[in-house]
Amino acid sequence: MRAITIAKLALLCGPSLLAATVAQAQEPLAAETAADQSADQPAPPADANEAIVVTGSQIQGAKINDVLPVTVLDETAIENTGASSGDELFRAIPQAGTVAFNEQNSSTVNNVRGDVGSINLRDLGTGNTLLLINGRRMTLHPGFQTELLVPVVSSDTNEIAPGSVKRLEVLRDGASAIYGADAVAGVINTVLKGDMKGGFLEGDWRASDGTSLYSYQISGGYGFDFGGGRGNLTVYGGYFYENGLSNAARDYAADDNRLPLVEGTDFEGDASFNNRNTFGPFGQFDIQGSSPSSRTPIGDDDFYLQPSSFPGCKLSFGDGLCARDGTTPTTAVRYNTIYGNSLISQKRRYNAMALLSYELSNNVEAYFEGSFYRSENNRQLDASAILSAVPVGISKNAYWNPFGPVGSPNRLPGTTIAASGVDVIMERYRFVDVGNRDVSVDKNVYRLVGGLRGNIGAWDFDTGFVYSEAKLNDLTRNRVSLTLMQNQINLTTPDAYNPFNGGCVTSDPGIGDCTPNPASSIDPFRIDVYRKGGTSLALGDFKISRNDLLSLPGGDLGIAAGVEWRRETFYDDRDPRLDGTITFTDSVTGDVNGSDVAGTSPSPDTSGSREVYSAFAELLVPVVSPEMNIPLINRFDVQLAGRVEHFKDIDATAAVPRIAASWSVFPGVTFRGAWSRGFRAPNLVQVNDAGTTRSNTRDDFVLCQAQLEKGLISSLGSCTGAGTISYRSGTENLKPEDSTSINLGIVLEPRFIPGLTLTADYWRVKQTGLVGTFGDDNAIALDLLRRLNGSSNPNVIRADPTAEDVALFTGTSLAPAGKITQVLDPYLNLDSRVSKGWDFGLFYKVPDFGMGKFRLSLNVAHLMSFVQSAGPDGQEIIDGIASGVLPLDVTVGGLGELVEIEGRPKWRATGAINWGSGPVDIGLFGQYTGKVYDTSVIRDVLIDSDDPNANYYPVHDQFTLNLSIAYTIKNDTPLDGTRLRFAINNLFNEDPPLADEDYGFFSNLYTARGRVFHVELRKKF
């Protein structure tokens, strides 16, 4: 990592994510909604009559401040981040890991798409962080995708509008015993603005420098008391619009060929940076029939089309087009798949919220929360292509077949193809003239919460019911039906679709199609494809607590207990052309494929439900108090908690304990620590997936090893991938994942510097029985290793070797092997993982010395280690590489030390400086992300190094800075309470560091928005 300069450290210091002071003690909304008062920030002054509850404890009013490592963002800190969405807000938490669900990582219908963000504290895996609103769970987003070889789910952070948030509380420690067994990485509680008296209107406009990208939002709210002050109703809502941005607006995202961007570096000329695709309008075909290799000037049964001006032409097709022999189109003819794509989607968001409370008596209050959220998202994606594993037969009688019967209109001269003609197999082709895929994703979410809270004698209680439901509709236009497309190609009339007309022969052949088919030939097979999904959450709970059950020498004993029931459901409804209702049977070859959509593997409909019953208990034991005058123990407190959860669908029960303690040696020096267990049940997708096939391009290392030994390729790194079908399936026999968390820290509040708080916390999490798949690429690598040793991997299913295969393997160290027909890749409890790191914090509220109010803070997350240990099969591959049996070109996905790999930087930090005087407020907010390595780029010439990542491409670190200036009118005119705020996000217009990704950067870490100008006008009344 490049060293952070002193200047950067200075800019990182401010009241951002560590802990901004909450201006007032908070009303008791729900059991966990009040401000953090841990040593991460000074405790706000509290009214003695108000109960303050910290995220991390269910005991209302408990003095548990120093025990818990909690990060708090108040409204000032939220503004400092410059966030216009929940995704941007949560990305500003250094302890938050990579964001797997994002709009750049959405190229296929099998990925989460649309206006969505995910949360992944500590990078322990999406799905290991519990996201709460006012202390109760959010429903999950209706979609899933693969992360570390396993389907994962998450709540959608974009459902949380930053303007609706009063405070964000992040418990950076395992909280399974307090909130739920799946809170392995921690808990994020969003406290909404409620109990308003008066209202506000706000308008916000943003624009990205040097581009056409802009957005605006309008929001407002109003609250009032009624019933003689016994009740309050607060309502607010907002509308957000962003116009979207084409990938052409950014150099790093404009072209799949990024070789010009690495000129002058160690990776200059590395072919990995040219990701132009072999599937384009210049198709690749296989001539059928008897001895096709000798019957055309091509001299091969396999050929691809290219401009006649390119070298290697063997047969002219006319109109500047020719055929060249081989199965892999030359680099110069490959296609820029992201041409015409959206880098940032067009989007609309609507949100509305109502919060109602009413005191039924002096001891009981009723409350209600109702919310609605809608997002509409549209983006352009690359044109459909066939899958390499699903070629398409072209009949010998097809109108445009160049090798049709004698007398057919387009039979090419100069061949000895049989007079009756021959069929042709189309093995690579992209339907560029159909147009880019047009994807719209709409989602509706509503949430209802109702309950009672108050006290029964000396006991506080809270009981409530939550029902939340999310529904999503993913619709893609300009898709291609394989059946209808094959019918259109095989017509014997001129209105047939012509796949032999190539693309652009006089300009860049990798962009567009200069010889498109007429719409009348395309429209018959142009289709829309949908994916509909939904999730729901029903939850009922009852909690009681008392912060003074017993009076002990060290203080009052606090206790809490409760029960909870919840029911979660999900469904994933695929288009009939994907779920097996409408399949594709090749009319020429007779091959059957479960999907009738070009470029998409078959996916069955899936659904599932789960009921969970749980009970918890918590004690806060004050062992030593200052009044006891014990040397070197000013104060000593212990938190004990336990939770039992039963998951009905998998018939599994979790019992998870937690013990935490804080030891104040003397005022200003406090040590704290916690040990806890966690338990995460397999998610509903993993359990209920009846069997999904995926077609991916994978290197067949066995075939390539034979080619290497025959001198046909220079290394396994130059192995040409082929379409591979993998079969993934879930099972209710999956076991839960277990975890053990340790957190040790120190809090310093030196009396000689009043207002300063320093914290340091070490954490370690061990997870065992991780649910995942071994991975089809790992399975193929294992097959090579075992074949080199005389056996094979039974999960890699191969066809019988052909005569061509036998000839290839003759004289090599391997026995003949046929092509891969399928790889079995079920979900299993496979590996274990140990992660550890440090958090460092600084908060300083500078004493008033007549120059205005200063606040500074710094929040640093250091990931020391992230080791995923292999199961037996994975370890076998690692040992094979270490012994030299397998070359370094073979990599093991998702195993070993993963720090700085694919988006896990060692260092992340945020900080800010805020200054206010009278009507003026100025803020600086800095964000630093350390370097990582892109393992998809390996040096052409490997180097020996003690650094295991030395042969990967280094993705540089980044530091960005936000600046804001606000002026608030304070007078007795109608403009009183009006605030004008001007801000610049990413002041120095830093581009995301280059990486070998779809759009040239790691979208799970960075943003493509560049410098953003931001103007906001707010009026309070």
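This is a predicted model, so every value here is computed, not measured. Here the residue numbering is sequential within each chain, running from 1 through the sequence in written order. This being a predicted model, a pLDDT of at least 70 is required before a residue's local features are given, and a value of 80 or more before pairs of side-chain atoms are given or counted; all residues contribute to the totals for chains, interfaces and linings. Side-chain descriptors were evaluated using all non-hydrogen atoms of the structure, hydrogens and water having been removed beforehand.

Attention now goes to the overall build of the protein chain. Runs of E in the DSSP output that reach at least two residues are strands. Runs of H or I that reach at least four are helices, and both are numbered from the N terminus. Along the backbone of the protein chain there are eleven helices and 48 strands. Only C-alpha atoms enter the radius of gyration, while the globule expectation follows 2.2 Å times N to the 0.38, with N the number of residues. Taking 1021 residues into account, the globule formula puts the C-alpha radius of gyration at 31 Å, and the protein chain, at 31 Å, falls close to it. Projected onto its principal axes, the C-alpha positions of the protein chain cover 105 × 65 × 55 Å. Here's how the labels work: a residue is buried when its accessible area is under 20% of the maximum for its type, exposed when over 50%, partly exposed in between, all with a 1.4 Å probe on protein chains only. The buried share among the 1021 residues of the protein chain stands at 58%. Sequence separation of at least 24 residues holds for 74% of the intrachain contacts in the protein chain that already meet a minimum separation of 6. Of the roughly 37,600 Å² that the protein chain leaves accessible, carbon and sulfur atoms contribute 56%. Taken together, the 85 basic and 120 acidic charged side chains of the protein chain have centroids lying 3 Å from each other. Should any heavy atoms of two residues lie within 4.5 Å, those residues are counted as being in contact. Residue burial considers only the protein chains on display, and all accessible areas are found by Shrake-Rupley using a 1.4 Å probe. Positive charges come from Lys and Arg alone, negative charges from Asp and Glu alone, with His and the N- and C-terminal ends not counted. Where a charge lies is defined by one atom per residue type: Lys uses NZ, Arg uses CZ, Asp uses CG and Glu uses CD.

We call two strands paired when DSSP finds no fewer than two bridges between them. In spatial order, the strands read β14-β15-β13-β12-β20-β19; together these six strands make up an open sheet with antiparallel pairing. Of all strands in the sheet, those with a lone pairing partner are β14 (315-318) and β19 (392-394), marking the two edges. Strand-to-strand, the axes of this sheet are offset by a mean angle of 35 degrees, without reference to chain direction. Taken together, the three bridges between β14 and strand β15 (residues 321-325) define a ladder with antiparallel strand orientation. Across the sheet, the residue bridging to Ser316 is Cys322, located in β15. Axes, fitted as lines to C-alpha atoms, cover a helix only where it is in contact. Angles between the N-to-C directions of the axes lie from 0 to 180 degrees.

Before going further, it helps to spend a moment on a nonpolar patch on the surface. On the surface, Trp205, Tyr214, Tyr216, Ile218, Leu980, Phe982, Val1015 and Leu1017 cluster together into a nonpolar patch covering about 720 Å² of accessible area. Taken together, the elements giving at least two residues each to the nonpolar patch come down to β9 (214-226), β47 (978-985) and β48 (1012-1020). For the nonpolar patch, the element with the highest residue contribution is β9, accounting for three residues. With respect to the helices and strands, the residue Val1015 is situated in strand β48. Note that patches include only residues with greater than 30% relative accessible area and no salt bridge, and the join distances are 9 Å for like charges and 5 Å for nonpolar side chains (Val, Leu, Ile, Met, Phe, Trp, Tyr). Salt bridges are identified by distance alone: a Lys or Arg side-chain nitrogen within 4 Å of an Asp or Glu carboxyl oxygen.

Once that is clear, we can look at the pairing of β47. Across the eight residues that make up β47, a large majority, six, are buried. Pairing of strand β46 (residues 958-968) with β47 involves six bridges; the strand directions are antiparallel. Its bridge partner being in β47, Ser964 is matched across the sheet by Ala983. Bridge count between β47 and β48: eight bridges; the pairing is antiparallel. Bridging across to β48, Asn985 finds its partner in Val1012.

Here the focus is the pattern of salt bridges. One pass over the structure, following the stated rule, counts 61 salt bridges. Across the pair Arg1018 and Glu202 runs a salt bridge whose closest N-O atoms are separated by 2.8 Å. Residue Arg1018 is found in strand β48, and its partner Glu202 is found in strand β8 (residues 198-208); the two are separated by 816 residues along the sequence. Glu202 matches Arg1018 in its accessibility class, with the two residues each being buried. With a shortest N-O distance of 2.8 Å, Arg672 and Asp761 are connected by a salt bridge. Here Arg672, found in strand β30 (residues 669-680), pairs with Asp761, found in strand β34 (residues 756-768); they are 89 residues apart in sequence, far enough to count as distant. The burial state of Arg672 is the same as that of Asp761; both residues are buried. Overlapping salt bridges bring together Glu79, Glu202, Arg979, Arg981, Glu1016 and Arg1018 as one network.

Moving on, we get to the packing of aromatic side chains. Two rings belonging to Phe, Tyr or Trp (six-membered ring only in the last case) form a pair when the distance between their centres is within 6.5 Å. Interplanar angles under 30 degrees mark stacking, angles over 60 mark edge-to-face geometry, and anything in between is tilted. The tally for this structure, following the rule as stated, stands at 27 aromatic pairs. Seen in terms of ring centroids, Tyr216 and Tyr241 are 5.6 Å apart; in terms of plane orientation they differ by 45 degrees. Their pairing is tilted. Taken together, the residues span a long stretch of sequence, with Tyr216 in strand β9 and Tyr241 in strand β10 (residues 231-242) at a distance of 25 residues. Residue class for Tyr241 comes out buried when judged on its relative accessible area of 11%. Between Tyr497 and Phe525, the aromatic rings sit 5.2 Å apart at their centres with planes inclined by 90 degrees, giving edge-to-face as the arrangement. Placement of Tyr497 in the loop between α5 (482-489) and α6 (519-522) and of Phe525 in the loop between α6 and β23 (526-552) is noted, with a sequence separation of 28 residues between them. Exposure remark for Tyr497: the relative accessible area of 0% places this residue in the buried category. Think of it as a cone above the ring: NZ of Lys or CZ of Arg counts as a charge over the ring if it is within 6 Å of the ring centre and within 35 degrees of the ring normal. Over the aromatic face of Phe200 sits the side chain of Lys193, whose NZ or CZ is 5.6 Å from the ring centroid.

Attention now moves to empty space enclosed by the protein. Grid points spaced at 1 Å and placed over the protein atoms alone form the basis of the search, with a cavity being a set where a 1.4 Å probe fits but cannot get out and a pocket an open set showing protein on both sides within 12 Å along at least five of seven lines. Lining residues have an atom within 4 Å of a point. Grid points are joined across faces, edges and corners, and a volume is the space filled by probe spheres set on the points. Tallied over the full model, the rule gives nine cavities of 30 Å³ or more. Within this model, the largest cavity holds a volume of roughly 790 Å³. As for the largest cavity, its lining consists of 46 residues, and the residues nearest its centre are Glu88, Arg91, Tyr1006, Thr1007 and Arg1009. Secondary-structure elements contributing two or more residues to the lining of the largest cavity are α3 (86-91), β8, β9, β17 (346-359), β43 (920-929) and β46. Each residue is assigned to one class: nonpolar for Ala, Val, Leu, Ile, Met, Phe, Trp, Tyr, Cys and Pro, charged for Asp, Glu, Lys and Arg, and polar for all the others, Gly among them. Within the lining of the largest cavity, the residues separate by chemical class into 15 nonpolar, 20 polar and eleven charged. Roughly 530 Å³ of volume is contained in the second largest cavity. Looking at the second largest cavity, it is lined by 36 residues, and the ones nearest its centre are Leu140, Val153, Asp182, Glu568 and Asn683. Those elements giving two or more residues to the lining of the second largest cavity turn out to be β2 (129-133), β23, β24 (555-574) and α7 (684-688). Its residues assigned to classes, the lining of the second largest cavity comprises 15 nonpolar, 13 polar and eight charged.

Quick look at α5 now. Burial in α5 covers these residues: Leu482, Met485, Gln486, Gln488 and Ile489. All buried residues of α5 lie within an arc of 160 degrees about the axis, which places them on one face of the element. Considering only its buried residues, α5 is in contact with β19, β20 (424-428), β22 (459-480), α6, β25 (584-585) and β26 (592-593). The arc in question is formed by the directions pointing from the helix axis toward the C-beta atoms.

Our focus in this paragraph is the pairing of β46. For a regular strand, side chains alternate in direction, first toward one face of the sheet and then toward the other. Most of β46 is tucked away, with eight of its eleven residues classed as buried. Examined bridge by bridge, β43 and β46 share ten bridges and lie antiparallel to one another. Bridged to Gly926 within β46 is Leu961.

Here the focus is the side chain of Thr978. Checked against the element boundaries, Thr978 lands in strand β47. For Thr978, a relative accessible area of 11% gives the class buried. One polar contact links the side chain of Thr978 to the main-chain carbonyl oxygen of Leu975, over a distance of 2.8 Å. Counted as a polar contact is a pair of N or O atoms within 3.5 Å, where, for protein atoms, one must be capable of donating a hydrogen and the other of accepting one, and residues adjacent in sequence contribute only when both atoms are in side chains.

Mapped onto the fold, Glu568 is located in strand β24. Look past the residues within four positions of Glu568 in its chain and what remains in contact with it is Ser536, Leu537, Gly608, Ser609, Arg610 and Leu684.

Contact geometry of helix α9 (residues 776-788) with helix α11 (residues 872-882) gives a least axis separation of 10 Å together with a crossing angle of 60 degrees. When the axes of α9 and α11 are compared, the pair comes out oblique. Crossing angle aside, the handedness with which α9 passes α11 is left-handed. Of α11, the residues touching α9 (which contributes Asn778, Ala781, Leu782, Leu785 and Arg786) are Asp873, Glu876, Ile877 and Gly880. Any angle from 65 to 115 degrees is called roughly perpendicular, while one under 35 is roughly parallel, one over 145 is roughly antiparallel, and all others are oblique. Crossings are sorted by hand: turned counterclockwise from the far helix by less than a right angle, the near helix makes the crossing left-handed, and turned clockwise it makes it right-handed.

In this model, Asp195 sits at a positive phi of 55 degrees, which is unusual for a non-glycine residue. Tracing the chain through its elements places Asp195 in the loop between β7 (186-192) and β8. Not every positive phi belongs to a glycine, and Leu632 is a case in point at roughly 60 degrees. Tracing the chain through its elements places Leu632 in the loop between β27 (606-624) and β28 (635-647). According to the relative accessible area criterion, Leu632 is exposed, its value standing at 60%.

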